[in-house]
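This is what each chain is made of:
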Amino acid sequence: KSHFKMPISLRRVKMTDFIQLQNANLHCLAENYHMWFWVYHYLLTPQGTHVAVNSKNKILGYVLGKTDDDKKKKNQKFGSITSVAVYSGYRKLGLATKLLSYTHRSLRDCYHVSYINLHVRETNRAGQILYKNSLHYQYVKTEEGYYADGENAFSLRFTFPDSENSPS
């Protein structure tokens, strides 16, 4: 019986999802977060985290996002994607792209951000292709030793198309 025939939906995270979020994080990624980190994101930016779930409400993937203050522009915020994870059996279905696009729209509509930043491992080719080719993130800089294991990160930025030419 293939799990790909099961309906998948996207929704905003709920507090009752935190245990499943943490499990997905532990199974899918090298960087793992404590429970307070999930709660912090939820309290800071309730519309910033989204999950893909099956019909039994099992989390198949997530995007953990938040807002930050733009130090160059007073009273302005920008979006930050802290973490993206999809269980291996559900990769290559477009879930990460859909979750990120959903999070982009929410951060834009709810918090009026004009851009969103994220970091991707230097060795994560699949992530780089997703962010740069599918979602049109642009390379900003390399951050040496960004990850706990010492690996470098590429800092990337997505700018909303109608924000590129807006006055600063």
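This report concerns the structure included in the present document.

Quick notes on the rules
Residues numbered from 1 in each chain as written. Predicted model: local features only at pLDDT ≥ 70, side-chain atom pairs only at ≥ 80, totals over all residues. Heavy atoms only, no water. Salt bridge = Lys/Arg side-chain N within 4 Å of Asp/Glu carboxyl O. Helix = DSSP H or I, 4+ residues; strand = E, 2+ residues; numbered from the N terminus. Buried < 20%, exposed > 50% of the residue type's maximum accessible area, 1.4 Å probe, protein only. Pairing = 2+ DSSP bridges. Axes fitted to C-alpha atoms, helices over the stretch in contact; angles between N-to-C directions.

1. Concerning the pattern of salt bridges
Piece 1. Evaluation of the coordinates by the stated rule reveals five salt bridges.
Piece 2. Two residues, Asp68 and Lys66, come together in a salt bridge whose shortest N-O distance is 2.7 Å.
Piece 3. Across the salt bridge formed by Asp149 and Arg121, the nearest N and O atoms sit 3.1 Å from each other. Here the residue Asp149 occupies a position in the loop between strand E6 (138–143) and strand E7 (153–159), and Arg121 occupies one in strand E5 (residues 115–121), the gap between them amounting to 28 residues.
Piece 4. With a relative accessible area of 54%, Asp149 lands in the exposed category.

2. Topic: the sheet that holds strand E2 (residues 49–54)
Piece 1. Pairing in this open sheet of seven strands is mixed, and the strands run E1-E2-E3-E4-E5-E7-E6 from one edge to the other. The two strands at the open ends of the sheet, each matched to only one other strand, are strand E1 (8–12) and E6. Across the sheet, the mean angle separating the axes of adjacent strands is 25 degrees when strand polarity is ignored.
Piece 2. Pairing analysis gives three bridges linking strand E4 (residues 77–86) to E5, with the strands arranged parallel. Residue pairing for E5: Ile81 is matched across the bridge by Leu118.

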